[in-house]
Amino acid sequence: MADGNNRLFLAFPAHQLAPQLAILQRQLALSGRRIPSAQLHLTLHFLGQCSPKQQSSLQAQIDRMSLPAFTLQLNRLGCFSKAGVVWLGPDTPPAALMALAGTIALKCRALGANKPHRAYRPHITLFRHCKTDVLPAIRPLLYRPDTLCLYRSELTDQGPVYHCLQRWPLKASSG
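None of these values were measured; they are calculated from a predicted model. (Residues numbered from 1 in each chain as written. Predicted model: local features only at pLDDT ≥ 70, side-chain atom pairs only at ≥ 80, totals over all residues. Heavy atoms only, no water.)

**Q** Whenever I open this one, the overall build of the protein confuses me. Can you help?
**A** Summing up its helical and strand segments, the protein has three helices and 10 strands in all. Along its sequence from the N terminus, the protein presents helices and strands in the succession β-α-β-β-α-β-β-β-α-β-β-β-β. Its C-alpha atoms give the protein a radius of gyration of 16 Å, within 12% of the compact-globule value 16 Å for 175 residues. Seen through its principal axes, the protein has C-alpha atoms that stretch 45 × 45 × 25 Å. Per-residue burial for the protein yields a buried fraction of 43% across its 175 residues. At a minimum sequence separation of 6, the contacts of the protein that also span at least 24 residues come to 79%. Total accessible area on the protein is roughly 9,400 Å²; 53% of this is exposed by carbon and sulfur atoms. Across the protein, the mean location of the 20 positive side-chain charges is 5 Å away from that of the 7 negative side-chain charges. (Helix = DSSP H or I, 4+ residues; strand = E, 2+ residues; numbered from the N terminus. Rg over C-alpha atoms; globule rule 2.2 N^0.38 Å. Buried < 20%, exposed > 50% of the residue type's maximum accessible area, 1.4 Å probe, protein only. Contact = heavy atoms within 4.5 Å. Areas by Shrake-Rupley, 256 points an atom, 1.4 Å probe, with all protein chains shown as cover. Lys, Arg positive; Asp, Glu negative; His and termini not counted. Charge placed at Lys NZ, Arg CZ, Asp CG, Glu CD.)

Quick look at the structure:
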């Protein structure tokens, strides 16, 4: 694989929520591009362009980690206006997710991978190229991801396509 096509990110696939998210997308009926069900995910960290060495080092480090399971209550719609993104996320992210995000950010920074341009805000993107100022209140959805994936993002004329390169199971805490 050429270095020029190695835009990577870590995310939790949202396949188990896809039916409910598709209903929510239809109910919102917003302009813009709906994210297809197979592409729905909650990003943990966007790395950007990575060398094969950075990628393999990160994979080896995650292989040695114990990745905690957690539950999110997705109860808030939001919009990143400048990016034209409408998303679904939690009012209060679980501590286990925020701690994992911090650990991964430190590992990525040590590898020289892309530093996020703002604080981590867990969310699932529902629409792109969307302009709206008003979003309704919604009925909360519970999301219990069971897997973390390393994805490669391929940019196409129809939008990005995500390819899972490796999966790691999340582990319930014993206690």
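**Q** Which parts of the structure should I look at to understand the environment of Leu142?
**A** Assignment of secondary structure puts Leu142 in strand S8 (residues 141-143). Residue classification places Leu142 among the partly exposed residues on the basis of a relative accessible area of 48%. C-alpha of Leu142 to C-alpha of Leu17: the two residues are 125 residues apart in sequence and 8.6 Å apart in space.

**Q** Explain the environment of Ser56 here, please?
**A** Residue placement: Ser56 occurs in helix H2 (residues 52-63). Separated by 92 residues in sequence, Ser56 and Leu148 have C-alpha atoms that sit 16 Å apart. A polar contact of 3.2 Å, which involves the side chain of Ser56, links it to the backbone oxygen of Lys53. (Polar contact = N/O pair within 3.5 Å; in protein donor to acceptor, adjacent residues only side chain to side chain.)

**Q** What exactly am I supposed to notice about the packing of H2 against helix H3 (residues 95-111) here?
**A** With their axes 10 Å apart at the nearest point, H2 and H3 run at an angle of 150 degrees to one another. In this structure, H2 meets H3 at a crossing whose hand is right-handed. Contacts between H2 and H3 pair Gln54, Ser57, Leu58, Gln61 and Ile62 from the former with Ile104, Lys107, Cys108 and Leu111 from the latter. Each residue belonging to the contact of H2 with H3 can be placed in one class, and the counts come to five nonpolar, three polar and one charged. (Axes fitted to C-alpha atoms, helices over the stretch in contact; angles between N-to-C directions. Left-handed = near helix turned anticlockwise from the far one by under 90°. Nonpolar A, V, L, I, M, F, W, Y, C, P; charged D, E, K, R; others polar.)

**Q** Honestly, H2 in this entry has me stumped. Any pointers?
**A** Side chains that are three or four residues apart share a direction in an α-helix, a result of its 3.6 residues per turn. Taking 1.5 Å per residue, 12 residues should reach 16 Å; H2 reaches 16 Å between its end C-alpha atoms and fits that length. All of the buried residues along H2 are Gln54, Gln55, Leu58, Gln59, Gln61 and Ile62. The buried side chains of H2 occupy one side of the element, clustering within an arc of 160 degrees when seen end-on. Elements that come into contact with the buried residues of H2 comprise strand S1 (7-13), strand S3 (41-49), H3, strand S9 (147-156) and strand S10 (159-169). (Expected span 1.5 Å × (residues − 1). Arc of directions from axis to C-beta.)

**Q** Help me understand the nonpolar core in this model?
**A** Within soluble globular proteins, side chains that are nonpolar generally end up buried alongside one another. With 42 residues, the main nonpolar core has Leu10, Phe12 and Ile124 as its most contacted residues. By residue number, the principal contributor to this core is H3, which donates five residues. Those residues in contact with Phe12 that lie beyond four places of it in its chain are His41, Leu42, Leu44, Phe70, Leu97, Leu100, Tyr143, Pro145, Thr147, Leu148 and Leu170. Counting five residues, the second largest nonpolar core, distinct from the first, contains Phe9, Cys149, Tyr151 and Tyr162. (Core = buried A, V, L, I, M, F, W, Y, C linked by side-chain atoms within 4.5 Å.)

**Q** I keep staring at helix H1 (residues 18-28) and nothing clicks. Help me out?
**A** Here H1 has its buried residues at Ala18, Leu21, Ala22, Leu24, Gln25 and Leu28. In a view along the axis of H1, the buried residues occupy a sector of 160 degrees, so they form one face of it. More than 90 degrees from the buried face of H1, the exposed residues found are Pro19 and Gln27. Looking at the buried positions of H1, the neighbouring elements they touch are strand S2 (33-34), strand S5 (76-80), strand S6 (85-89), strand S7 (124-128) and S8.

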